[in-house]
Amino acid sequence: MPVARSSSATTAFEIPQASLTHQLLYPYRADSESVHSQFDLSLWNRRVIAYGVERQKIFVLGFALSQNATSHRIHLEARSNAQQELLVS
């Protein structure tokens, strides 16, 4: 499968657009780009301050865990608020 060679990420399609896989994954692209942007912004000088691959992996996993924990907490609070509104009305 040929991959377009370019400096632009928008021209390199590793998953063919007509495929079912692309149709299932593409809607989540903006979410993943947002998370990558947040990750970059959390780094000092856009670099992971960790020596060695294993420590860098731990740093990235810690970031992912903190993002998931925050999202989970927000989801639980929103659900709780919605349930309380139903009980009040």
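Data block above holds the structure.
Calculation notes
- Residues numbered from 1 in each chain as written.
- Predicted model: local features only at pLDDT ≥ 70, side-chain atom pairs only at ≥ 80, totals over all residues.
- Heavy atoms only, no water.
- Helix = DSSP H or I, 4+ residues; strand = E, 2+ residues; numbered from the N terminus.
- Buried < 20%, exposed > 50% of the residue type's maximum accessible area, 1.4 Å probe, protein only.
- Salt bridge = Lys/Arg side-chain N within 4 Å of Asp/Glu carboxyl O.
- Contact = heavy atoms within 4.5 Å.
- Patch = residues over 30% accessible without salt bridge, like charges linked within 9 Å, V, L, I, M, F, W, Y side chains within 5 Å.
- Areas by Shrake-Rupley, 256 points an atom, 1.4 Å probe, with all protein chains shown as cover.
- Phe/Tyr/Trp six-rings, centres within 6.5 Å; stacked < 30°, edge-to-face > 60°.

So, on to the overall build of the protein. The helix and strand tally for the protein stands at three helices and zero strands. Mapped in sequence order, the helices and strands of the protein form the string α-α-α. Taking all 89 residues of the protein together, 6% fall into the buried category.

It is worth spelling out the pattern of salt bridges at this point. Taken as a whole and judged by the stated rule, the model has two salt bridges. Across the salt bridge formed by K57 and E54, the nearest N and O atoms sit 3.7 Å from each other. With K57 and E54 both in helix α3 (residues 53–88), this residue pair falls three residues apart, about one helical turn. Put simply, R73 and E77 hold a salt bridge, and the shortest N to O gap is 3.0 Å. Here E77 and R73 lie together in helix α3, a separation of four residues that amounts to about one turn. Classification of R73 by relative accessible area gives exposed; the value is 54%. A residue is classified by how much of its surface remains accessible, and E77, at 40% relative accessible area, is partly exposed.

Our next topic: the environment of L25. In this structure, L25 sits in helix α1 (residues 20–25). Residues L25 and I15, ten residues apart in the sequence, show an inter-C-alpha distance of 9.6 Å.

Quick look at the environment of V48 now. Considering the arrangement of structural elements, one finds V48 in the loop between α2 (29–42) and α3. Taking C-alpha positions, V48 is 8.6 Å from V60, a pair spaced twelve residues apart along the chain. Every residue in contact with V48, bar those within four places of it in the chain, is listed here: F39, L43, Q56 and F59.

Let's shift gears to a nonpolar patch on the surface. A cluster of nonpolar side chains, contributed by I15, L20, L24 and L25, occupies part of the molecular surface with about 390 Å² of accessible area. By secondary structure assignment, the location of L20 is in helix α1. Classification of L20 by relative accessible area gives exposed; the value is 62%.

It is worth spelling out the packing of aromatic side chains at this point. Under the counting rule described, the total for this entry stands at two aromatic pairs. Considering the side-chain rings of F39 and F63, the 5.0 Å spacing of their centres and the 70 degrees angle between planes classify their relative orientation as edge-to-face. You can see F39 sitting in helix α2 and its partner F63 sitting in helix α3, a full 24 residues away along the chain. The pair F39 / F63 is uniform in exposure class, with both members buried. Through a chain of ring-to-ring contacts, three or more aromatic side chains come together here, namely F39, F59 and F63.

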